[in-house]
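This is what each chain is made of:
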Amino acid sequence: MLKFYFGPMDCGKSTLALQMNYNHGRQGRRGLVLTKHDRSGGPKVTSRIGLGLEAIEVEDDLDLVRLVTAHDRIDYLICDEACFYTVEQIEQLADLVDEHGVDVYAFGLASDFRSVMFPAAQRLFELADEVCRLQVEVLCWCGRPGQLNARVVGGAMARTGEQVVIGDTDAARVRYQVLCRRHHRSGRLGEGSADAGHEPVQTAQ
Ligand SMILES: [Zn+2]
């Protein structure tokens with residue numbers, strides 16, 4: 001079973017990933033936890049509510065089939081930040097399900113700051129047995145459900161640039177903000193958001 005859970009940043013994806021790992025582990029199942037570009041900056045899955053777990057960092061050249069088959073017995077994979085994996089690695093996840101009987105639970109963003117889908121997310125939509133939009137607990141400044149991630153550079157919403165830029169937690173020059181579709185399209189960031197110091201600084205998660 002290949003499942004993809006998607007939603008904007010702050011919607012609790014990493015928290016769910018950690019919870020799922022805990023639940024499977026309790027049943028005596030053996031799994032691996034993978035991530036890429038976690039907000040902690042290290043090979044870890046961390047959630048905004050303070051949970052954390054050591055994880056394997058998915059470099060672009062990591063062969064996920066080889067990684068799993070090098071282990072004695074793996075029942076499941078938790079793949080956090082799967083939107084940042086390569087398309088080839090998503091194919092490898094499908095191979096693991098089909099050829100090796102591994103259950104794969106992938107978590108990530110669907111679309112980037114321009115509201116364009118990440119290639120890996122698109123491939124997950126195409127291949128997954130099940131795709132779940134996570135219940136959005138995060139709201140736009142106007143109160144509507146937050147659906148899309150905006151990249152804010154120097155206080156203004158960016159429309160162009162590299163697909164993956166990790167928000168800089170120190171300089172706060174690049175940050176991310178969840179907006180409803182209406183305000184993502186119009187580019188309105190809401191009252192006081194020109195003052196970056198007022199807003200929590202986000203990573204790309
Ligand atoms: Zn809005």
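Just above, that's the structure.
Below is a short write-up of the structure. All residue numbers here refer to positions counted from 1 along the written sequence of the relevant chain. This being a predicted model, a pLDDT of at least 70 is required before a residue's local features are given, and a value of 80 or more before pairs of side-chain atoms are given or counted; all residues contribute to the totals for chains, interfaces and linings. Think of the side-chain values as coming from all heavy atoms in the structure, minus any hydrogens and water.

Details of the pairing of strand 2 (residues 31–35)
The side chains of a regular strand alternate between the sheet's two faces.
Here comes step 1: Think of it in three bands: residues with accessible area under 20% of the maximum for their type are buried, residues over 50% are exposed, and the middle band is partly exposed, with areas taken using a 1.4 Å probe on protein chains only. The secondary structure listing takes helices from DSSP runs of H or I that are at least 4 residues long and strands from runs of E that are at least 2 residues long, numbered from the N terminus. Counted residue by residue, strand 2 has four buried out of five residues, so it is predominantly covered.
Here comes step 2: Of the pairings in the sheet, the one linking strand 2 to strand 6 (residues 76–79) comprises four bridges and is parallel in character. Within the sheet, the bridge partner assigned to V33 lies in strand 6 and is I78.
Here comes step 3: Note: strand 2 against strand 5 (residues 56–57), two bridges, orientation parallel. In the sheet register, T35 faces strand 5, and the bridge partner there is E57. Any two strands with at least two DSSP bridges between them are considered paired.

Looking at a positive patch on the surface
Here comes step 1: Grouping into patches uses exposed residues only, defined as over 30% relative accessible area, and leaves out salt-bridged ones; the cut-off is 9 Å for like charges and 5 Å for nonpolar side chains (Val, Leu, Ile, Met, Phe, Trp, Tyr). The method behind every accessible area is Shrake-Rupley, applied with a 1.4 Å probe, and residues are considered shielded solely by the protein chains displayed. By definition, a salt bridge exists where a carboxyl oxygen of Asp or Glu is found within 4 Å of a side-chain nitrogen of Lys or Arg. Charge counting treats Lys and Arg as positive and Asp and Glu as negative, with His and both chain ends excluded. A charged residue contributes its charge at one atom only: NZ of Lys, CZ of Arg, CG of Asp or CD of Glu. A contiguous patch of positive charge on the surface is contributed by R144, R159, R181, R182 and R185.
Here comes step 2: Judged by relative accessible area, R159 falls into the partly exposed class, the value being 40%.

A short note on helix 1 (residues 13–26)
Here comes step 1: The span one expects for a helix is its residue count, reduced by one, times 1.5 Å. Between its first and last C-alpha, helix 1 extends 20 Å over 14 residues, near the 20 Å set by a 1.5 Å rise per residue.
Here comes step 2: Listed as buried for helix 1 are K13, S14, A17, L18, M20, N21 and H24. Here the buried residues of helix 1 occupy an arc of 160 degrees about the axis, which is enough to place them on one side.
Here comes step 3: Contacts are assigned to residue pairs with any non-hydrogen atoms lying within 4.5 Å of each other. Among the structural elements, strand 1 (2–6), strand 2, strand 3 (44–46), strand 4 (52–54), strand 6 and strand 7 (103–108) are those in contact with the buried residues of helix 1. This arc is built from the directions going out from the helix axis to the C-beta atoms.

Some details on the sheet that holds strand 9 (residues 148–153)
Here comes step 1: Overall, antiparallel pairing links the three strands, which are arranged 10-9-11 in an open sheet. Two strands lie at the open edges of the sheet, namely strand 10 (156–157) and strand 11 (174–179), each paired on one side alone.
Here comes step 2: In terms of strand pairing, strand 9 meets strand 11 through six bridges, oriented antiparallel. Residue pairing in the sheet places R151 in a bridge with Y176 of strand 11.

Thoughts on the coordination of the zinc ion
Here comes step 1: Coordination sphere of the zinc ion, protein contribution only: C140 (SG), C142 (SG), C180 (SG) and H183 (ND1), at 2.0 to 2.3 Å.
Here comes step 2: A donor here means an N, O or S atom no more than 2.8 Å from the metal, or no more than 3.2 Å when the metal is Na, K or Ca. Since water is not included, a site may seem to lack partners. Here the metal geometry follows the donor angles, with tetrahedral for four donors whose angles all fall between 85 and 135 degrees, square planar for four and octahedral for six when opposite donors are more than 155 degrees apart and every other angle is between 65 and 115, and irregular for all the rest. Because the angles between the four donor atoms bound to the zinc ion fall within 99 to 117 degrees, the donor set is best described as tetrahedral.
Here comes step 3: Each donor residue of the zinc ion belongs to the same chain, with the gaps between them written as C-x1-C-x37-C-x2-H. Residue C140 is located in the loop between strand 8 (130–133) and strand 9, and its partner H183 is located in helix 5 (residues 181–186); the two are separated by 43 residues in the primary sequence. One exposure class covers both C140 and H183, and it is buried.

Points about empty space enclosed by the protein
Here comes step 1: Here the term cavity refers to a set of points on a 1 Å grid, laid over the protein atoms alone, in which a 1.4 Å probe fits but cannot get out; the term pocket refers to an open set having protein on both sides within 12 Å along at least five of seven lines, with lining residues being those that place an atom within 4 Å of a point. Grid points are joined across faces, edges and corners, and a volume is the space filled by probe spheres set on the points. Within the structure shown, the criterion is met by one cavity of 30 Å³ or more.
Here comes step 2: One number sums up the size of the largest cavity: a volume of about 70 Å³.
Here comes step 3: Residue lining of the largest cavity: 13 residues in total, with L109, F113, F118, Q163 and Y176 positioned closest to the centre.
Here comes step 4: In this classification, Asp, Glu, Lys and Arg are treated as charged, Ala, Val, Leu, Ile, Met, Phe, Trp, Tyr, Cys and Pro as nonpolar, and every other residue, Gly included, as polar. For the lining of the largest cavity, a count of residues per class yields eight nonpolar, three polar and two charged.

Details of unusual backbone geometry
Here comes step 1: One non-glycine residue, E81, lies in the positive phi region at around 55 degrees.
Here comes step 2: Checked against the element boundaries, E81 lands in the loop between strand 6 and helix 3 (87–100).

Comments concerning helix 3
Here comes step 1: The end-to-end C-alpha distance of helix 3, which contains 14 residues, comes to 19 Å, matching closely the 20 Å that a straight helix rising 1.5 Å per residue would cover.
Here comes step 2: Those residues of helix 3 lying buried are Q89, I90, Q92, L93, A94, L96 and V97.
Here comes step 3: On the buried face of helix 3, the contacting elements are strand 1, helix 2 (64–69), strand 6, strand 7 and helix 4 (119–127).
Here comes step 4: One or two residues past the end of helix 3 sits G101, with phi positive at roughly 65 degrees.

Some words on the environment of D95
Here comes step 1: Structurally, the position occupied by D95 is in helix 3.
Here comes step 2: For D95, the residues in contact, after removing those within four places along its chain, are V65 and H100.

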